[in-house]
Amino acid sequence: MTHGTHNALEDPRNKNVLIYINGELKPREEAKISVFDSGYLVGDGVWEALRLHDGVLVFLDEHLDRLWTGAATIGLDIGMSREELTDKIWITLEANDMHNHVHVRVMLTRGIKKTPSQDPRLTISGPNLVIVAEHKKADPESRKRGVTLFTSTIRRGSPDYLDPRLNCHSKLHEVQALIQALEAGADEALMLDINGFVSTCNATNFFMVNDEEVQTSTGQYCMNGITRGKIIEVCEEAGIPCHQKNFSLFDVYGADEAFVTGSFGGVTPVTKVDGRTISRSVPGPVTQKVHELYTEAIRKAVQKGDN
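Residues numbered from 1 in each chain as written. Predicted model: local features only at pLDDT ≥ 70, side-chain atom pairs only at ≥ 80, totals over all residues. Heavy atoms only, no water.

J.: For helix α3 (residues 82–95), give the residues involved together with the corresponding values.
T.: Helix length check: α3 (14 residues) gives 20 Å between terminal C-alpha atoms against 20 Å at 1.5 Å per residue, within 8%. Among all positions of α3, only Leu85, Thr86, Ile89, Trp90, Thr92 and Leu93 are buried. Projected down its long axis, α3 shows its buried positions confined to an angular sector of 155°, all on one face. Projecting away from the buried face of α3 at angles above 90 degrees are the exposed residues Glu83 and Glu94. (Helix = DSSP H or I, 4+ residues; strand = E, 2+ residues; numbered from the N terminus. Expected span 1.5 Å × (residues − 1). Buried < 20%, exposed > 50% of the residue type's maximum accessible area, 1.4 Å probe, protein only. Arc of directions from axis to C-beta.)

Here's what the structure looks like:
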(Lines give C-alpha, C1' and ligand atoms only; values in the text may rest on other atoms or scores of the structure.)
Protein backbone atom coordinates (compact mmCIF):
# COMPACT_ATOMS: atom_id res chain seq x y z
CA MET A 1 0.00 0.00 0.00
CA THR A 2 1.27 3.47 -0.88
CA HIS A 3 2.55 5.42 2.10
CA GLY A 4 4.33 8.75 2.21
CA THR A 5 4.04 12.47 2.77
CA HIS A 6 1.57 12.92 -0.09
CA ASN A 7 -1.00 10.40 1.10
CA ALA A 8 -4.48 11.92 0.93
CA LEU A 9 -7.85 10.77 2.20
CA GLU A 10 -10.13 9.59 -0.58
CA ASP A 11 -12.69 12.20 -1.62
CA PRO A 12 -15.35 11.23 -4.20
CA ARG A 13 -15.87 14.88 -5.16
CA ASN A 14 -12.59 14.79 -7.07
CA LYS A 15 -14.18 12.65 -9.78
CA ASN A 16 -16.19 15.65 -10.89
CA VAL A 17 -13.77 18.55 -10.50
CA LEU A 18 -13.39 21.08 -13.28
CA ILE A 19 -9.86 21.72 -14.58
CA TYR A 20 -8.80 25.16 -15.83
CA ILE A 21 -7.04 25.05 -19.21
CA ASN A 22 -6.24 28.35 -20.92
CA GLY A 23 -9.46 30.09 -19.98
CA GLU A 24 -11.77 27.09 -20.16
CA LEU A 25 -13.07 24.81 -17.43
CA LYS A 26 -13.16 21.17 -18.43
CA PRO A 27 -14.46 18.08 -16.60
CA ARG A 28 -11.65 15.87 -15.37
CA GLU A 29 -12.18 13.25 -18.09
CA GLU A 30 -12.06 15.92 -20.82
CA ALA A 31 -9.08 17.88 -19.45
CA LYS A 32 -6.46 17.41 -22.16
CA ILE A 33 -3.58 19.32 -23.67
CA SER A 34 -1.67 18.84 -26.92
CA VAL A 35 1.13 16.28 -27.22
CA PHE A 36 3.07 19.18 -28.78
CA ASP A 37 3.01 21.07 -25.48
CA SER A 38 6.50 22.19 -24.41
CA GLY A 39 6.07 20.69 -20.97
CA TYR A 40 5.21 17.28 -22.35
CA LEU A 41 7.91 17.33 -25.02
CA VAL A 42 10.90 18.64 -23.07
CA GLY A 43 9.79 19.50 -19.53
CA ASP A 44 9.83 23.20 -20.40
CA GLY A 45 7.73 24.89 -17.74
CA VAL A 46 7.34 25.87 -14.10
CA TRP A 47 4.69 25.12 -11.50
CA GLU A 48 3.49 25.82 -7.98
CA ALA A 49 1.36 23.92 -5.46
CA LEU A 50 -0.77 25.84 -2.98
CA ARG A 51 -3.20 25.05 -0.18
CA LEU A 52 -6.64 26.54 0.40
CA HIS A 53 -7.47 26.72 4.11
CA ASP A 54 -10.82 28.13 5.25
CA GLY A 55 -11.21 30.19 2.08
CA VAL A 56 -7.65 31.54 2.05
CA LEU A 57 -4.76 30.59 -0.24
CA VAL A 58 -2.12 30.51 2.47
CA PHE A 59 1.30 32.03 1.78
CA LEU A 60 0.13 33.01 -1.72
CA ASP A 61 2.66 35.84 -2.13
CA GLU A 62 5.58 33.52 -1.41
CA HIS A 63 4.31 30.97 -3.94
CA LEU A 64 3.85 33.64 -6.61
CA ASP A 65 7.32 35.02 -5.90
CA ARG A 66 8.80 31.58 -6.52
CA LEU A 67 6.73 31.04 -9.67
CA TRP A 68 7.77 34.38 -11.18
CA THR A 69 11.40 33.78 -10.25
CA GLY A 70 11.28 30.35 -11.89
CA ALA A 71 9.71 31.77 -15.04
CA ALA A 72 12.37 34.48 -15.23
CA THR A 73 15.08 31.85 -14.78
CA ILE A 74 13.96 29.87 -17.83
CA GLY A 75 13.10 32.98 -19.88
CA LEU A 76 9.36 32.32 -19.87
CA ASP A 77 7.00 35.26 -20.26
CA ILE A 78 3.99 34.34 -18.14
CA GLY A 79 1.90 36.80 -20.12
CA MET A 80 -0.21 38.03 -17.21
CA SER A 81 0.10 39.81 -13.90
CA ARG A 82 0.14 38.15 -10.50
CA GLU A 83 -3.35 39.53 -9.92
CA GLU A 84 -4.63 38.05 -13.18
CA LEU A 85 -3.23 34.64 -12.35
CA THR A 86 -4.71 34.81 -8.86
CA ASP A 87 -8.10 35.63 -10.39
CA LYS A 88 -7.87 32.52 -12.57
CA ILE A 89 -7.10 30.38 -9.53
CA TRP A 90 -10.18 31.76 -7.79
CA ILE A 91 -12.30 31.17 -10.89
CA THR A 92 -11.28 27.52 -10.69
CA LEU A 93 -11.97 27.26 -6.96
CA GLU A 94 -15.35 28.96 -7.21
CA ALA A 95 -16.41 26.82 -10.17
CA ASN A 96 -15.71 23.78 -8.01
CA ASP A 97 -17.36 25.26 -4.89
CA MET A 98 -14.14 24.76 -2.93
CA HIS A 99 -13.49 26.35 0.46
CA ASN A 100 -11.20 24.21 2.62
CA HIS A 101 -8.68 21.35 2.50
CA VAL A 102 -7.94 21.99 -1.16
CA HIS A 103 -4.69 21.41 -3.02
CA VAL A 104 -4.09 23.64 -6.04
CA ARG A 105 -1.45 22.94 -8.67
CA VAL A 106 -0.67 25.75 -11.12
CA MET A 107 1.30 24.67 -14.20
CA LEU A 108 2.76 26.98 -16.84
CA THR A 109 4.58 25.75 -19.93
CA ARG A 110 6.15 27.69 -22.79
CA GLY A 111 3.33 26.66 -25.12
CA ILE A 112 2.64 24.51 -28.17
CA LYS A 113 5.49 23.60 -30.53
CA LYS A 114 5.07 23.29 -34.30
CA THR A 115 7.24 20.16 -34.14
CA PRO A 116 8.99 18.19 -31.37
CA SER A 117 12.07 20.25 -30.50
CA GLN A 118 13.85 21.99 -27.64
CA ASP A 119 14.06 25.24 -29.62
CA PRO A 120 11.78 27.88 -28.02
CA ARG A 121 11.60 29.66 -31.40
CA LEU A 122 9.42 26.80 -32.63
CA THR A 123 6.73 27.62 -30.08
CA ILE A 124 3.58 28.69 -31.93
CA SER A 125 1.30 29.61 -29.03
CA GLY A 126 1.44 31.65 -25.89
CA PRO A 127 2.16 29.90 -22.58
CA ASN A 128 -0.22 27.13 -21.55
CA LEU A 129 -1.82 27.53 -18.14
CA VAL A 130 -3.39 24.57 -16.37
CA ILE A 131 -4.87 24.76 -12.87
CA VAL A 132 -5.82 21.55 -11.10
CA ALA A 133 -7.68 21.99 -7.82
CA GLU A 134 -8.64 18.93 -5.79
CA HIS A 135 -10.24 18.22 -2.44
CA LYS A 136 -7.19 16.81 -0.65
CA LYS A 137 -6.80 16.37 3.07
CA ALA A 138 -3.57 14.81 4.28
CA ASP A 139 -4.03 11.33 5.68
CA PRO A 140 -3.33 11.66 9.44
CA GLU A 141 -1.83 8.16 9.33
CA SER A 142 1.30 9.62 7.72
CA ARG A 143 1.97 11.85 10.71
CA LYS A 144 0.95 9.13 13.14
CA ARG A 145 3.26 6.50 11.61
CA GLY A 146 5.98 8.75 10.29
CA VAL A 147 7.94 7.99 7.13
CA THR A 148 11.13 6.07 6.40
CA LEU A 149 13.88 7.39 4.13
CA PHE A 150 16.59 5.80 2.01
CA THR A 151 19.63 7.77 0.86
CA SER A 152 19.70 7.76 -2.93
CA THR A 153 22.83 7.69 -5.06
CA ILE A 154 21.18 10.35 -7.24
CA ARG A 155 22.63 13.72 -6.17
CA ARG A 156 21.03 17.13 -6.16
CA GLY A 157 22.83 18.95 -8.96
CA SER A 158 25.02 21.99 -9.18
CA PRO A 159 23.33 25.31 -10.02
CA ASP A 160 25.52 25.75 -13.09
CA TYR A 161 23.52 23.18 -15.07
CA LEU A 162 20.09 22.89 -13.40
CA ASP A 163 19.66 24.91 -10.25
CA PRO A 164 18.05 22.64 -7.62
CA ARG A 165 15.96 25.60 -6.44
CA LEU A 166 14.12 25.74 -9.77
CA ASN A 167 10.60 24.32 -9.54
CA CYS A 168 10.46 23.15 -13.14
CA HIS A 169 8.48 20.44 -14.92
CA SER A 170 11.48 18.18 -15.23
CA LYS A 171 11.58 16.11 -12.03
CA LEU A 172 13.39 13.08 -13.44
CA HIS A 173 16.24 13.28 -10.91
CA GLU A 174 13.75 13.19 -8.06
CA VAL A 175 11.77 10.37 -9.68
CA GLN A 176 14.95 8.30 -10.05
CA ALA A 177 15.82 8.92 -6.41
CA LEU A 178 12.33 7.94 -5.25
CA ILE A 179 12.40 4.73 -7.30
CA GLN A 180 15.65 3.76 -5.57
CA ALA A 181 14.07 4.42 -2.18
CA LEU A 182 10.95 2.42 -3.00
CA GLU A 183 13.00 -0.51 -4.25
CA ALA A 184 14.94 -0.38 -0.96
CA GLY A 185 11.67 -0.62 0.97
CA ALA A 186 11.55 3.01 2.16
CA ASP A 187 8.78 5.57 1.72
CA GLU A 188 10.80 8.41 0.23
CA ALA A 189 14.35 9.34 -0.77
CA LEU A 190 16.93 11.41 1.05
CA MET A 191 19.28 13.17 -1.37
CA LEU A 192 22.81 14.46 -0.92
CA ASP A 193 24.37 17.48 -2.62
CA ILE A 194 27.39 17.39 -4.93
CA ASN A 195 29.70 17.62 -1.90
CA GLY A 196 28.13 14.70 -0.06
CA PHE A 197 26.21 16.77 2.48
CA VAL A 198 22.53 16.11 3.16
CA SER A 199 20.40 18.33 0.94
CA THR A 200 16.72 17.42 0.77
CA CYS A 201 14.24 14.66 0.03
CA ASN A 202 12.84 13.90 -3.39
CA ALA A 203 9.64 15.91 -2.78
CA THR A 204 10.02 17.44 0.69
CA ASN A 205 12.62 19.32 2.72
CA PHE A 206 14.58 17.51 5.45
CA PHE A 207 15.16 18.65 9.03
CA MET A 208 16.80 16.94 11.97
CA VAL A 209 16.88 17.69 15.70
CA ASN A 210 19.87 17.38 18.04
CA ASP A 211 19.88 18.57 21.66
CA GLU A 212 16.60 20.43 21.00
CA GLU A 213 18.16 22.37 18.14
CA VAL A 214 16.68 22.13 14.64
CA GLN A 215 19.01 21.80 11.66
CA THR A 216 18.42 21.83 7.92
CA SER A 217 20.62 22.20 4.86
CA THR A 218 22.06 25.48 3.63
CA GLY A 219 19.36 25.66 0.95
CA GLN A 220 21.91 25.91 -1.87
CA TYR A 221 21.10 22.49 -3.30
CA CYS A 222 17.42 22.03 -2.55
CA MET A 223 14.04 23.38 -3.45
CA ASN A 224 13.60 26.35 -1.15
CA GLY A 225 10.21 25.18 0.03
CA ILE A 226 7.66 27.69 1.24
CA THR A 227 6.90 25.42 4.19
CA ARG A 228 10.65 25.04 4.83
CA GLY A 229 10.95 28.81 5.07
CA LYS A 230 7.97 29.04 7.41
CA ILE A 231 9.42 26.35 9.70
CA ILE A 232 12.69 28.30 9.97
CA GLU A 233 10.69 31.46 10.64
CA VAL A 234 8.43 30.03 13.36
CA CYS A 235 11.36 28.34 15.10
CA GLU A 236 13.25 31.61 15.28
CA GLU A 237 10.15 33.43 16.58
CA ALA A 238 9.62 30.78 19.26
CA GLY A 239 13.24 30.82 20.38
CA ILE A 240 14.01 27.34 19.03
CA PRO A 241 17.54 27.38 17.54
CA CYS A 242 17.29 26.57 13.83
CA HIS A 243 20.53 26.29 11.87
CA GLN A 244 20.95 26.19 8.11
CA LYS A 245 24.25 24.38 7.71
CA ASN A 246 26.16 21.56 6.06
CA PHE A 247 25.85 18.17 7.75
CA SER A 248 26.38 14.59 6.68
CA LEU A 249 24.73 11.22 7.17
CA PHE A 250 27.04 10.81 10.19
CA ASP A 251 25.00 13.55 11.88
CA VAL A 252 21.66 12.24 10.66
CA TYR A 253 22.21 8.70 11.94
CA GLY A 254 22.91 10.10 15.41
CA ALA A 255 20.03 12.61 15.45
CA ASP A 256 17.43 12.70 18.22
CA GLU A 257 14.58 13.36 15.79
CA ALA A 258 13.98 14.12 12.13
CA PHE A 259 11.07 15.39 10.07
CA VAL A 260 10.24 16.51 6.55
CA THR A 261 8.13 19.43 5.38
CA GLY A 262 5.95 20.29 2.40
CA SER A 263 2.93 22.39 1.47
CA PHE A 264 0.65 19.35 1.38
CA GLY A 265 1.77 17.24 4.33
CA GLY A 266 3.02 20.05 6.55
CA VAL A 267 5.36 18.51 9.14
CA THR A 268 5.81 14.72 8.94
CA PRO A 269 8.04 12.78 11.37
CA VAL A 270 10.85 10.56 10.06
CA THR A 271 11.27 7.27 11.92
CA LYS A 272 14.13 5.64 10.04
CA VAL A 273 16.91 6.60 7.64
CA ASP A 274 18.67 3.80 5.77
CA GLY A 275 17.21 1.28 8.20
CA ARG A 276 18.55 3.09 11.28
CA THR A 277 15.93 4.11 13.84
CA ILE A 278 15.99 7.86 14.41
CA SER A 279 13.15 8.20 16.87
CA ARG A 280 10.79 5.70 18.48
CA SER A 281 8.53 8.51 19.63
CA VAL A 282 6.29 9.61 16.76
CA PRO A 283 6.31 12.52 16.63
CA GLY A 284 9.26 13.47 18.81
CA PRO A 285 8.72 16.37 21.25
CA VAL A 286 10.50 19.00 19.16
CA THR A 287 8.83 17.78 15.96
CA GLN A 288 5.45 18.05 17.68
CA LYS A 289 6.23 21.58 18.85
CA VAL A 290 7.31 22.61 15.35
CA HIS A 291 4.09 21.11 13.95
CA GLU A 292 2.05 23.17 16.41
CA LEU A 293 3.95 26.35 15.54
CA TYR A 294 3.43 25.76 11.81
CA THR A 295 -0.29 25.07 12.36
CA GLU A 296 -0.54 28.36 14.22
CA ALA A 297 1.22 30.16 11.34
CA ILE A 298 -1.44 28.81 8.98
CA ARG A 299 -4.18 29.94 11.38
CA LYS A 300 -2.72 33.45 11.43
CA ALA A 301 -2.51 33.51 7.62
CA VAL A 302 -6.16 32.49 7.40
CA GLN A 303 -7.12 35.12 9.94
CA LYS A 304 -5.24 37.74 7.94
CA GLY A 305 -7.03 36.53 4.81
CA ASP A 306 -5.47 38.96 2.33
CA ASN A 307 -6.10 37.15 -0.97
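J.: Let's hear about the packing of helix α2 (residues 60–73) against α3: which residues, and what values?
T.: In the contact formed by α2 and α3, the axes pass within 11 Å of each other and the chain directions differ by 115°. The chirality of how α2 crosses α3 is right-handed. Contacts between α2 and α3 involve Leu60, Asp61, Leu64, Asp65, Leu67 and Trp68 on the former and, on the latter, Arg82, Leu85 and Thr86. Counted by class, the contact of α2 with α3 contains five nonpolar, one polar and three charged residues. (Axes fitted to C-alpha atoms, helices over the stretch in contact; angles between N-to-C directions. Left-handed = near helix turned anticlockwise from the far one by under 90°. Contact = heavy atoms within 4.5 Å. Nonpolar A, V, L, I, M, F, W, Y, C, P; charged D, E, K, R; others polar.)

J.: I'd love a proper account of unusual backbone geometry, names of residues and values included.
T.: Note that the residue after Val282, namely Pro283, is joined by a cis bond; omega there is -5°. Here Pro283 is to be found in the loop between β15 (276–277) and α8 (285–304). One non-glycine residue, Asn22, lies in positive phi territory at about 50°. Along the chain, Asn22 turns up in the loop between β1 (18–21) and β2 (24–27). The exposure class of Asn22 is partly exposed, given its relative accessible area of 40%.

J.: So, the pattern of salt bridges: which residues are in play, and what are the values?
T.: Under the counting rule described, the total for this entry stands at 13 salt bridges. Ionic pairing is found between Glu62 and Lys230, a salt bridge with its closest N-O pair at 2.8 Å. Of this pair, Glu62 sits in helix α2 while Lys230 is found in helix α6 (residues 226–238), placing the two residues 168 residues apart along the sequence. When its relative accessible area of 11% is taken as the criterion, Lys230 is described as buried. Taken together, the shared-partner salt bridges connect Arg28, Glu134 and Lys136 into one network. (Salt bridge = Lys/Arg side-chain N within 4 Å of Asp/Glu carboxyl O.)

J.: Let's hear about the sheet that holds strand β3 (residues 45–53): which residues, and what values?
T.: In space, the six strands of this open sheet follow the order β2-β1-β6-β5-β3-β4, with antiparallel pairing throughout. Each edge of the open sheet carries a strand with a single partner, namely β2 and β4 (56–57). As judged from the eight bridges shared by β3 and strand β5 (residues 102–109), these two strands associate in the antiparallel manner. The residue bridging Leu52 from the neighbouring strand is Val102, located in β5. With respect to the sheet, α2 is in contact with β3, β4 and β5, its orientation differing from that of β3 by roughly 175°. Lying on the sheet, α3 is in contact with β1, β2, β3, β4, β5 and β6 (128–135); it crosses β6 at an angle near 40°. (Pairing = 2+ DSSP bridges.)

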